[in-house]
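Report on the structure
Now for the letters of each chain:
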Amino acid sequence: MVTRGFTGRQSGSELSERIPPGQHLVDNFPVLTAGPTPRIEPADWTFTLKVGTRPVKAWNWSEFNALPRTRMTRDIHCVTSWSKLNTAWEGVAIDDILADAGLSAPTPFALAHCYDGYSTNVPLADLATGKAMVALNYEGQPLPRDHGGPARLLVPHLYFWKSAKWVSGLQFTERDEAGFWELRGYHKYGDPWREQRYKND
Amino acid sequence: MTEAIAATARWQSCAIVEIATRTPAIKSFFLRLSETFDYTAGQHVDVRLTAPNGYTAMRSYSIASAPSDSNVIELAIERLADGEVSPFFHDVARIGDMIELRGPLGGHFLWPGPTANPLLLIGAGSGVVPLMAMIRHRKASGEPVPVALLLSSRTWGDVLFRDELLELERSLPDLALALALTREPATRRDDFSRRIDSAMVAGVAARLPVPPGCAFVCGSNAFVDIATDAVLALGLKAMAIKTERYGA
Ligand SMILES: Cc1cc2nc3c(=O)[nH]c(=O)nc-3n(C[C@H](O)[C@H](O)[C@H](O)COP(=O)(O)OP(=O)(O)OC[C@H]3O[C@@H](n4cnc5c(N)ncnc54)[C@H](O)[C@@H]3O)c2cc1C
């Protein structure tokens, strides 16, 4: 349905191919968080890998920082409709976390857990083979607290709520179990190119 | 509940039936739903505008009206200079225009229902919109929940829903209203003439009969961070503090 009198701020065709349906470009980096911004000191930080309820391995800040580093520059897409191009991240690929824990084939699904009590579900296939990382740096600087510092999950090809801020661990599960947002109406998978914003999209 | 709500959030087109200028920068748009929906105070809708060539722009707007039997909902939209969608509403939209929206959305920033614990609501500028829905719901439902609202605005003229809030303060004995003006001196004795800070939040919380069990904070990210730190300092648990950040 055409809206009378609306033309909009349309971007050049070259960039528009990189913008999923219903999204618009921003230059800033908006912050959307459901509660207070947590304060987690690196000294108090650990990252725990579990399969089901069984802890497989935990890293403290310096152990985690000693893992191999990966860089990624990606476009990111927030469900509230902004997209940001060419964001540069550095962190530890999920593949390298799994390898360090000696876990070759965990279960097909995972829940990311966070220090603020939130969680989100992501299939293993979207975490492994170089697709995702635990990000520690953004644009060459330690990840700011507002954006999930000291560490956030980065799954850039899914809507950005899947890139859980203040991540505290990954729990591999047999079934695809809905996380905090997915229980509250958000889509279980969240592919921006298929506009999977809310349940049943 | 939320899952059922989300499952019915289909796009629908709604007629603008009324436009009201609220402040120099904020107008209310009253939209008649073609498919009514049940919502909870605090929820929002997504609005989608479509250009003749198919280009679309989508933004979220909190519902300002309290849930009721009416099929008209109120959105209050602040005009952001150089914005894509809010200037369209302010400068182009008129009564009778059809606007596409889907809702209700949001499963977190929600009126908690009849609760024994008082609520502390903190908003800045247009961030009072979902809090207004809660206060209007508090009034309409008669649920005995004491509520304190701390609302930060630039000037007296920028206080969104000012006259209605002043009237509600008079008619609802368990509503405490505190205004903070950042660019002009406050004239009401118990209001504030400064930006929000911890002492202010503690002072407003102390106007409740017992300490708040839950806080809702809405506004820009910078405002929300200051306000939530102040609420944490009151001793509330992080999970009892819900925030809605309008982004930037
Ligand atoms: C859950 C939720 C509820 C909300 N509820 C409300 C509400 O009740 N009332 C309300 O007023 N708002 C609300 N908002 C904010 C609203 O969704 C919009 O973000 C807001 O109206 C701005 O949209 P816009 O299209 O006018 O501005 P945008 O086009 O999004 O731009 C925002 C600002 O950034 C600048 N900008 C960004 N990109 C560019 C660019 N490429 N070129 C030029 N300038 C640019 C603009 O100058 C503008 O000032 C809510 C947001 C959320 C997430």
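Small disclaimer: the values here were computed from a predicted structure and weren't measured. Here the residue numbers are simple positions, counted from 1 along each chain's written sequence. The order in which chains are written sets their letters, starting at A; the order in which ligands are written sets their numbers, starting at 1. In view of the model being predicted, local features appear only for residues whose pLDDT reaches at least 70, and side-chain atom pairs are presented and counted only at 80 or more, with totals across whole chains, interfaces and linings using the full set of residues. For side-chain calculations, the full set of non-hydrogen atoms in the structure is used, while hydrogens and water are omitted.

1. Remarks on the UniProt feature "domain: Oxidoreductase molybdopterin-binding" (unreviewed entry) in chain A
- UniProt positions are given in the numbering used here, feature names are shortened, and annotations may be inferred rather than shown by experiment. Under the UniProt annotation, "domain: Oxidoreductase molybdopterin-binding" (unreviewed entry) lies at residues 35–181 of chain A.
- Taken end to end, residues 35–181 of chain A has its terminal C-alpha atoms 13 Å apart, with 12% of it in helix and 42% in strand. Only DSSP runs of H or I covering at least 4 residues are called helices, and only runs of E covering at least 2 are called strands; the numbering of each starts at the N terminus.

2. So, the domain arrangement of chain B
All names here are of chain B.
- All the domain ranges listed were derived from an automatic or database domain assignment. Parsing chain B into structural domains produces domain 1 (3–105) and domain 2 (119–246).
- Note on definitions: a residue-residue contact is assigned when non-hydrogen atoms from the two residues lie within 4.5 Å. Contact with domain 1, which involves 17 residues of that partner, is made by 16 residues of domain 2.
- Buried area: the accessible area, evaluated with a 1.4 Å probe, that two parts lose upon being put together, summed over both parts. Together, the buried faces of domain 1 and domain 2 total about 1,300 Å²; carbon and sulfur atoms form 59% of this surface.
- Should a side-chain nitrogen of Lys or Arg be within 4 Å of a carboxyl oxygen of Asp or Glu, the pair is scored as a salt bridge. For the interface between domain 1 and domain 2, the tally reads two salt bridges.
- The shortest N-O distance in the salt bridge between Glu 78 and Arg 154 comes to 3.9 Å.
- Mapped onto the side of domain 1 that touches domain 2, the elements with two or more residues apiece are β2 (26–32) and β5 (72–78).
- Note that Gly is not counted as nonpolar here; it falls among the polar residues with everything else outside the nonpolar set of Ala, Val, Leu, Ile, Met, Phe, Trp, Tyr, Cys and Pro and the charged set of Asp, Glu, Lys and Arg. Looking at the side of domain 1 that touches domain 2, its residues break down into eight nonpolar, six polar and three charged.

3. Considerations on the interface of chain A and chain B
- With 38 residues of chain A at the contact, the number on the chain B side is 46 residues.
- Of the roughly 3,600 Å² buried between chain A and chain B, counting both surfaces, carbon and sulfur atoms make up 51%.
- At the surface where chain A touches chain B, the tally comes to three salt bridges.
- One salt bridge in this structure joins Asp229(B) and Arg39(A), with 3.4 Å as the shortest N-O distance.
- The term polar contact refers here to a pair of N or O atoms within 3.5 Å; inside protein, the definition further demands a hydrogen-donor-capable atom paired with an acceptor-capable atom, and it admits residues adjacent in sequence only when both atoms are side-chain atoms. Scanning the region where chain A abuts chain B turns up 22 residue pairs in polar contact (both at pLDDT 80 or more).
- The dominant element in the side of chain A that touches chain B, judged by the number of residues it contributes, is helix α5 (residues 180–183) of chain A, at three residues.
- A breakdown of the residues in the side of chain A that touches chain B according to their chemical character gives 14 nonpolar, 15 polar and nine charged.

4. Things to note about the site of the ligand
- Any residue with a heavy atom lying within 4 Å of a molecule or strand is counted as near it. As a matter of local geometry, the ligand sits amid 23 residues, with Arg9(A), Ser60(B), Tyr61(B), Val85(B) and Ser86(B) nearest to it.
- Per-site note: the chains with residues close to the ligand are chains A and B.
- For the accessible areas, the method is Shrake-Rupley and the probe is 1.4 Å, while residue cover comes only from the protein chains on display. Relative to its unbound accessible surface of 960 Å², the ligand loses 78% to contact with the protein.
- The greatest single-element share of the shell around the ligand, amounting to four residues, is contributed by strand β4 (residues 56–62) of chain B.
- Broken down by class, the residue content of the shell around the ligand amounts to 10 nonpolar, seven polar and six charged.
- No fewer than three residues from each of domain 1 (3–105) and domain 2 (119–246) of chain B sit in the shell around the ligand.

5. Topic: helix α3 (residues 129–141) of chain B
Residues and elements named next belong to chain B.
- What a helix should span is 1.5 Å times the count of its residues minus one. For α3, with 13 residues, the first-to-last C-alpha span of 18 Å sits near the 18 Å given by 1.5 Å per residue.
- Whether a residue is buried, partly exposed or exposed follows from its accessible area with a 1.4 Å probe, protein chains only, as a fraction of its type maximum: under 20%, in between, or over 50%, in that order. Across the 13 residues of α3, 10 count as buried, placing the element largely inside the fold.
- Those residues of α3 that sit buried are Val 129, Pro 130, Leu 131, Met 132, Ala 133, Met 134, Ile 135, Arg 136, His 137 and Arg 138.
- The first or second residue beyond α3 is Gly 142, which carries a positive phi of 70 degrees.

6. Brief notes about the side chain of Ser126(B)
Residue and element names in this part refer to chain B.
- Residue placement: Ser 126 occurs in the loop between β7 (119–124) and α3.
- Side chain to side chain, Ser 126 and Glu 78 meet in a polar contact 3.0 Å long.
- Dropping the residues within four chain positions of it, Ser 126 is found in contact with Ile 26, Glu 78, Leu 160 and Tyr 246.

7. A short note on the packing of α3(B) against helix α4 (residues 162–171) of chain B
Residue and element names in this part refer to chain B.
- All axes are obtained by fitting lines to C-alpha atoms, using only the stretch in contact for helices, and the reported angles, taken between N-to-C directions, cover 0 to 180 degrees. Relative to each other, α3 and α4 sit at 35 degrees, their axes nearing to 12 Å. Note on packing geometry: the crossing formed by α3 with α4 is left-handed. In this structure, α3 uses Met 132, Ile 135, Arg 136 and Lys 139 to contact α4, whose residues at the interface are Glu 164, Leu 165, Leu 168 and Ser 171.
- For the contact of α3 with α4, the residue count by class is four nonpolar, one polar and three charged. By definition, turning the near helix anticlockwise from the far helix through less than a right angle yields a left-handed crossing, and turning it clockwise yields a right-handed one.

8. Structural notes on the packing of aromatic side chains
- Whether two aromatic rings pair depends on their centres lying within 6.5 Å, for rings of Phe, Tyr and Trp, where Trp uses its six-membered ring; planes under 30 degrees apart make the pair stacked, over 60 edge-to-face, and the rest tilted. Going through the model one piece at a time under the given rule, you end up with 26 aromatic pairs over all chains.
- Between Tyr118(A) and Trp181(A) the ring centres are 6.1 Å apart and the planes differ by 5 degrees, which places this aromatic pair in the stacked class. Taken together, the positions of Tyr118(A) in the loop between β6 (109–114) and β7 (119–123) and Trp181(A) in helix α5 put the pair 63 residues apart, joining distant regions of the chain. For the pair formed by Tyr118(A) and Trp181(A), the shared burial category is buried.
- With centroids separated by 5.7 Å and ring planes inclined at 85 degrees, the aromatic side chains of Phe88(B) and Phe89(B) adopt a geometry described as edge-to-face. Phe89(B) shares its class with Phe88(B); the two are buried.
- An aromatic cluster of three or more residues is present, and its members are Tyr118(A), Tyr159(A), Trp161(A), Phe180(A), Trp181(A), Tyr186(A) and Tyr198(A).
- Above the face of the Phe180(A) ring, Arg184(A) is positioned so that its terminal group lies 3.7 Å from the ring centre.
- Sitting over a ring, as applied to charges here, requires NZ of Lys or CZ of Arg to be within 6 Å of the ring centre and within 35 degrees of the ring normal. Sitting above the plane of the Trp11(B) ring, Arg48(B) keeps its charged end 4.0 Å from the centroid.

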